[in-house]
Amino acid sequence: AQKVTQAQTEISVVEKEDVTLDCVYETRDTTYYLFWYKQPPSGELVFLIRRNSFDEQNEISGRYSWNFQKSTSSFNFTITASQVVDSAVYFCALSVIIRDNYGQNFVFGPGTRLSVLP
Amino acid sequence: NAGVMQNPRHLVRRRGQEARLRCSPMKGHSHVYWYRQLPEEGLKFMVYLQKENIIDESGMPKERFSAEFPKEGPSILRIQQVVRGDSAAYFCASSPGWDGGDTEAFFGQGTRLTVV
């Protein structure tokens, strides 16, 4: 069975601090994709990153960076120099193949609520 | 992503009424997914559709819920005889198709259903 765990329910940091959001996934598939989405208070889902299971290179995009480690089945997300606008719920998701390679499905973690205080 | 249009954004229904949620996928996308987000929870998969076909409905409640994606027009998630427990945000996502590879799904802004 596929599963995504985000052990941190809520995190509070003070502006300019660095913060890491943890994500651990479970799947028996050898080919899969990992995602991070941001859900601000307005409620929409904002796509942040997609990573496939064969690419373990870490990625940096501005203040955001992602650390993918297959050995520990983790895909952690770090925000450097956090800002108040980063306050949101962050979801990690796993995309798995369904029905004999006929499509994909997303399994979401429960989310981590990040509050960045001024 | 603004390309996937869901309407209405907010829907209020009394217990026992029907709720119809619409999702227009991005142009050129033939795959639609519906997810439900209960308050303070993550998104749970409900159903995956292609044009005129339901591919996977393993996440759909057995009763009162149905979904369709006709040849023409938006995908519809229909909830009959709504109950308070149906109150949630319903998200639709679309993707261009499946080529066995790297496919991103784009999410709509969601429909927030409140049952009173």
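Residues numbered from 1 in each chain as written. Chains lettered and ligands numbered in written order. Predicted model: local features only at pLDDT ≥ 70, side-chain atom pairs only at ≥ 80, totals over all residues. Heavy atoms only, no water.

**What about the packing of aromatic side chains?**
Working step 1: Tallied over the entire structure, the rule returns 22 aromatic pairs over all chains.
Working step 2: Here the aromatic rings of Trp66(A) and Phe77(A) are separated by 5.1 Å at their centres, their planes lie at 5 degrees, and the arrangement is stacked. Of this pair, Trp66(A) sits in strand S8 (residues 64–69) while Phe77(A) is found in strand S9 (residues 74–79), placing the two residues 11 residues apart along the sequence. Both residues of the pair, Trp66(A) and Phe77(A), count as buried.
Working step 3: Site record: aromatic cluster; members linked through ring pairs are Phe35(A), Tyr37(A), Phe47(A), Phe91(A), Phe106(A), Phe108(A), Tyr33(B), Tyr35(B), Phe45(B), Tyr48(B) and Phe107(B). (Phe/Tyr/Trp six-rings, centres within 6.5 Å; stacked < 30°, edge-to-face > 60°. Helix = DSSP H or I, 4+ residues; strand = E, 2+ residues; numbered from the N terminus. Buried < 20%, exposed > 50% of the residue type's maximum accessible area, 1.4 Å probe, protein only.)

**Focus on the environment of Pro118(A)**
Residues and elements named next belong to chain A.
Working step 1: Here Pro118 is to be found in the segment after strand S12 (112–117).
Working step 2: The class for Pro118 is exposed, based on a relative accessible area of 80%.
Working step 3: Taking the C-alpha atoms as reference points, Pro118 and Leu45, 73 residues apart in sequence, are found 24 Å from one another.
Working step 4: In this structure, Pro118 is in contact with Val14, Glu15 and Val84, ignoring residues within four places of it in sequence. (Contact = heavy atoms within 4.5 Å.)

**A closer look at the state of the cysteines**
All names here are of chain A.
Working step 1: Taken as a whole, this structure holds 2 disulfides over all chains when the rule is applied.
Working step 2: Between the sulfur atoms of Cys23 and its disulfide mate Cys92 the distance is 2.0 Å. The sign of the S-S torsion, about -65 degrees, decides the handedness of the disulfide formed by Cys23 and Cys92: left-handed. Of this pair, Cys23 sits in the loop between strand S3 (19–21) and strand S4 (24–26) while Cys92 sits in strand S10 (residues 88–98), and the two are 69 residues apart along the sequence. Cys92 shares its class with Cys23; the two are buried. (Disulfide = S-S within 2.5 Å.)

**Side note on the sheet that holds strand S8 (residues 75–79) of chain B**
Residue and element names in this part refer to chain B.
Working step 1: Taken together, 4 strands build an open sheet; the order of strands is S1-S3-S8-S7 and the sheet is antiparallel. Sheet topology places strand S1 (5–7) and strand S7 (65–68) at the edges, where each strand pairs with a single neighbour. Within the sheet, the average angular offset between the axes of one strand and its neighbour, ignoring direction, is 15 degrees.
Working step 2: As paired strands, strand S3 (residues 19–24) and S8 are joined by 5 bridges and run antiparallel to one another. Bridge assignment links Cys23 to a residue of S8, and that residue is Ser75. (Pairing = 2+ DSSP bridges. Axes fitted to C-alpha atoms, helices over the stretch in contact; angles between N-to-C directions.)

**Some thoughts on the nonpolar core**
Working step 1: Within the largest apolar cluster, 26 residues are counted, with the highest numbers of intra-cluster contacts made by Trp36(A), Trp66(A), Phe77(A), Tyr90(A) and Leu114(A).
Working step 2: With 22 residues, the next largest nonpolar core counts Cys23(B), Val47(B), Val82(B) and Leu113(B) among its residues. (Core = buried A, V, L, I, M, F, W, Y, C linked by side-chain atoms within 4.5 Å.)

**Things to note about the layout of surface pockets**
Working step 1: Approximately 520 Å³ is the volume attributed to the largest pocket.
Working step 2: Together, 24 residues line the largest pocket, and Gln39(A), Val89(A), Arg113(A), Gln37(B) and Glu40(B) are the ones closest to its centre.
Working step 3: When residues of the lining of the largest pocket are traced back to their parent elements, those giving at least two are S10 and S12 of chain A.
Working step 4: Across the lining of the largest pocket, the residue classes tally to 10 nonpolar, 9 polar and 5 charged. (1 Å grid on protein atoms, 1.4 Å probe; cavity = no way out; pocket = protein on both sides within 12 Å on 5 of 7 lines; lining within 4 Å. Points joined across faces, edges and corners; volume = space filled by probe spheres on them. Nonpolar A, V, L, I, M, F, W, Y, C, P; charged D, E, K, R; others polar.)

**A few points about unusual backbone geometry**
Residue and element names in this part refer to chain B.
Working step 1: The linkage connecting Asn7 with the following residue, Pro8, adopts the cis geometry, with an omega of 0 degrees.
Working step 2: By the secondary structure assignment, Pro8 is in the loop between S1 and strand S2 (10–13).
Working step 3: A positive phi angle, close to 65 degrees, is found at Glu52, a residue other than glycine.
Working step 4: By the element assignment, Glu52 lies in the loop between strand S5 (43–50) and strand S6 (53–56).
Working step 5: Even without being glycine, Arg64 reaches a positive phi, approximately 75 degrees.
Working step 6: When you line up the elements, Arg64 lands in the loop between S6 and S7.
Working step 7: Taking relative accessible area as the criterion, Arg64 reaches 26% and is therefore assigned partly exposed.

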